[in-house]
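Residue-level listing of the chains:
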Amino acid sequence: MRSATLMFLLSLLPLLSSPPVRAEQPGSTSIAAWRGDARCALSLTFDDNHPSRGEAAAILDGFGFTGTFFVIVGSVDARMERIYEDLAMRGHELGSHSLSHAHLLQASSEQVEYELGLSKARLEEMTGLACVSFASPYGEVNAVILETAARHYLSARGTTGGTNADGTFDMYNLGINIFPPGIGPYSEADYLSVLRQYVEYVDSVGGWGTEMFHNIGPENNLITVTAHTLSTHCEELASGALSDSIWVAPQGRAARYYLERMNTEAETDLVTSDTIVVRLNFDGDRRVFDEPLTVKTVIAVDWPQAAPEVFQDGKEYSCRLDMAGADRVAVYEALPGRGPVTIRRP
Ligand SMILES: [Zn+2]
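Each chain has its residues counted from 1, following the order in which its sequence is written. Thresholds applied to this predicted model are a pLDDT of at least 70 for local features of residues and 80 or more for the giving and counting of side-chain atom pairs; totals over whole chains, interfaces and linings are not thresholded and use all residues.

**What to know about the overall build of the protein**
Turning to step 1, where the next piece is worked out: Of regular secondary structure, the protein possesses eight helices and 19 strands.
Turning to step 2, where the next piece is worked out: If you line up the protein on its principal axes, its C-alpha atoms span 75 × 45 × 35 Å.
Turning to step 3, where the next piece is worked out: Each residue gets a C-beta atom placed from its backbone, and two residues are in contact if those atoms lie within 7 Å. Across the protein, contacts joining residues at least 24 apart in sequence account for 67% of those joining residues at least 6 apart. Helix numbering and strand numbering both begin at the N terminus, where a helix is a DSSP run of H or I of at least 4 residues and a strand a DSSP run of E of at least 2.

If you want it as structure tokens, here you go:
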């Protein structure tokens, strides 16, 4: 067979093996499920006050991850305050785990308000950053706790198992990982296997997993995790089979992204031969919602095979080219509700 004929037949193969995908118009825009076009999100969270916070954070740092540390704000001594300030400086999130770790189910609504409101205010004073995440002590929730958390925070983590797939979860009672049977100690293999299964479940539904840990300790059980186990888990998240599909982010950043995505409407303003202008309409508070969204805009087929230039509000954002079905898309980051995004032919 002549090579030109062979090349022609080979060029038909993709058409035979995959169903045709209807091409979208240039300018057609969608928002990725999670930051960086990841399929799922995962937040590593650590409850209560313990000096091993610094050690846990150092393990996360080693893999470029940042986590959420839920603080019992009323019992932070000078030593813990220094540790927490250091964690916040390194990009980890401090969330509230109430003032006193009281059983909030037995508290009056005034006490619940006091525990949730004052702990948030004190943490914000300590770090100078907005405190947007809460975890109820003992995972206790009722209507008053949920309503109070919703007035003060963007999200609250619970203690029951769940993968937090779109539209199936309560932002103020986020589901967590499951544990091996019993209270422990668990072998490292058992504990890692259950964590791995959780991440696989979360990935399979495109959800947002929140993993609960407490202290670094000498064994794996409901409260402690060994430094080696946590480190191995992080290593699997950073370089394992699912590493490309997971966005590991503190609870507050994942909550911002989710809420922004659910409440942003992408609108195409202008399409010319060399420019596309897109608007990301969003009404939320810009001081709180500052997590860039990963956005995908279809570009014309005759644009060169190079990443377009993307600008918003006078700033250039990084952009890469990708395929979505039959379409070529510019994949870039931009902030919702901050004015037009201009995509230029390179
Ligand atoms: Zn606790």
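**Section: the environment of Gln-106**
Turning to step 1, where the next piece is worked out: Residue placement: Gln-106 occurs in the loop between strand E4 (93-96) and helix H4 (109-127).
Turning to step 2, where the next piece is worked out: Three classes are used. A residue is buried when 20 or more other C-beta atoms lie within 10 Å of its own, exposed when 12 or fewer do, and partly exposed in between, with C-beta atoms placed from the backbone. Overall, the presence of 8 C-beta atoms within 10 Å leaves Gln-106 in the exposed class.
Turning to step 3, where the next piece is worked out: In this structure, the C-alpha to C-alpha distance between Gln-106 and Glu-140, residues 34 residues apart in sequence, is 9.8 Å.

**Focus on the confidence of the model for the protein**
Turning to step 1, where the next piece is worked out: On average, residues of the protein carry a pLDDT of 93, and 93% of them reach 70 or more.
Turning to step 2, where the next piece is worked out: Confidence of the predictor at the level of single residues is given by pLDDT, which spans 0 to 100. Across residues 5-20 the pLDDT falls below 50, and counting only partners more than four positions away or on other chains, this stretch makes one contact in the model.

**Observations concerning the pairing of strand E3 (residues 68-71)**
Turning to step 1, where the next piece is worked out: Residue alternation in E3 divides its side chains into two sets, Thr-68 and Phe-70 and Phe-69 and Val-71, and both sets are buried.
Turning to step 2, where the next piece is worked out: A crossover gets the label right-handed when its path from the first strand over the helix to the second runs clockwise, viewed with the strands pointing away from the viewer. In this fold, strand E2 (residues 40-47) hands off to helix H2 (residues 53-62), which returns the chain to E3; that crossover is right-handed.
Turning to step 3, where the next piece is worked out: Of the crossover connections in this fold, the one passing from E3 over helix H3 (residues 78-89) to the parallel E4 is right-handed.

**Topic: the sheet that holds strand E1 (residues 29-31)**
Strand pairing within a sheet occurs via backbone hydrogen bonds; the two strands may be parallel or antiparallel.
Turning to step 1, where the next piece is worked out: With antiparallel pairing, four strands are arranged side by side in an open sheet as E1-E14-E18-E17. Pairing within the sheet leaves two strands with one partner each, and these edge strands are E1 and strand E17 (319-324). Neighbour-to-neighbour, the strand axes of this sheet turn through a mean angle of 30°, independent of strand direction.
Turning to step 2, where the next piece is worked out: At least two DSSP bridges between two strands are required for those strands to pair. Taken together, the six bridges between strand E14 (residues 293-298) and strand E18 (residues 327-334) define a ladder with antiparallel strand orientation. When the sheet's bridge partners are listed, Thr-297 is paired in E18 with Ala-330. Angles shown run from 0 to 180 degrees and are taken between the N-to-C directions of axes, each axis being a line fitted to C-alpha atoms and, for helices, limited to the stretch in contact.

**Details of the environment of Gly-91**
Turning to step 1, where the next piece is worked out: Assignment of secondary structure puts Gly-91 in the loop between H3 and E4.
Turning to step 2, where the next piece is worked out: With 14 C-beta atoms counted inside 10 Å, the residue Gly-91 sits in the partly exposed group.
Turning to step 3, where the next piece is worked out: Along the backbone, Gly-91 and Asp-61 are 30 residues apart, and their C-alpha atoms lie at a distance of 9.4 Å.

**Some words on the sheet that holds strand E13 (residues 275-281)**
Turning to step 1, where the next piece is worked out: Judged by pairing direction, the sheet is antiparallel, and its five strands sit side by side in the order E12-E13-E19-E15-E16 without closing on themselves. What marks the edges here is a single partner per strand, and that holds for strand E12 (265-271) and strand E16 (315-317). Within the sheet, the average angular offset between the axes of one strand and its neighbour, ignoring direction, is 25°.
Turning to step 2, where the next piece is worked out: Where E12 and E13 come together, six bridges link them in antiparallel fashion. When the sheet's bridge partners are listed, Glu-265 is paired in E13 with Asn-281.

**Focus: unusual backbone geometry**
Turning to step 1, where the next piece is worked out: With an omega of 0°, the peptide bond running from Gly-184 to Pro-185 counts as cis.
Turning to step 2, where the next piece is worked out: Checked against the element boundaries, Pro-185 lands in the loop between strand E7 (174-176) and helix H6 (188-205).
Turning to step 3, where the next piece is worked out: In this structure, Asp-37 is a non-glycine residue whose phi angle is positive, near 65°.
Turning to step 4, where the next piece is worked out: Looking at where Asp-37 falls in the secondary structure, it is placed in the loop between E1 and E2.
Turning to step 5, where the next piece is worked out: If you check the backbone angles, Ser-98 has positive phi at about 80° while not being a glycine.

**Some remarks on the domain arrangement of the protein**
Turning to step 1, where the next piece is worked out: Domain annotation for the protein reports domain 1 (39-256) and domain 2 (264-344).
Turning to step 2, where the next piece is worked out: Domain delimitation in this document rests on an assignment produced automatically or drawn from a domain database. Domain 1 and domain 2 are separated by 32 Å when their C-alpha centres are compared.

**Concerning helix H7 (residues 227-239)**
Side chains that are three or four residues apart share a direction in an α-helix, a result of its 3.6 residues per turn.
Turning to step 1, where the next piece is worked out: Taking 1.5 Å as the rise per residue, H7 with 13 residues should run 18 Å; its terminal C-alpha atoms sit 18 Å apart, in good agreement.
Turning to step 2, where the next piece is worked out: Residues Thr-229, Leu-230, His-233, Cys-234 and Leu-237 constitute the buried set of H7. The buried residues of H7 occupy one face: seen down the axis, they fall within an arc of 135°. In this structure, H7 carries His-228 and Ser-239 as exposed residues pointing more than 90 degrees from its buried face.
Turning to step 3, where the next piece is worked out: Elements in contact with the buried residues of H7: E2, H2, H6, strand E9 (215-216), strand E10 (224-225) and strand E11 (246-248). By this rule the span expected of a helix is its residue count minus one, scaled by 1.5 Å. Throughout, the arc means that of the directions going from the helix axis to the C-beta atoms.

**Focus on the pairing of E17**
Each regular strand displays side chains that alternate between the two surfaces of the sheet.
Turning to step 1, where the next piece is worked out: Where E17 lies against E18, six bridges are found, and the strand directions are antiparallel. Of the residues in E18, the one forming a bridge with Met-323 is Arg-328.
Turning to step 2, where the next piece is worked out: Adjacent in sequence and paired antiparallel, E17 and E18 are bridged by two residues, among which Gly-325 carries a positive phi angle near 65°.

**Describing the nonpolar core**
Turning to step 1, where the next piece is worked out: Grouped together as the largest cluster of nonpolar side chains are 77 residues, with contacts concentrated most on Cys-40, Ala-41, Leu-42, Val-71, Ile-246 and Val-248.
Turning to step 2, where the next piece is worked out: Counting only domains with at least three residues in this core, you end up with domain 1 (39-256) and domain 2 (264-344).
Turning to step 3, where the next piece is worked out: Not counting chain neighbours up to four residues away, the residues in contact with Leu-42 comprise Val-199, Val-202, Gly-209, Glu-211, Leu-237, Ile-246 and Val-248. We define the nonpolar core as any set of buried residues of the types Ala, Val, Leu, Ile, Met, Phe, Trp, Tyr and Cys, connected via C-beta atoms lying within 7 Å of each other.

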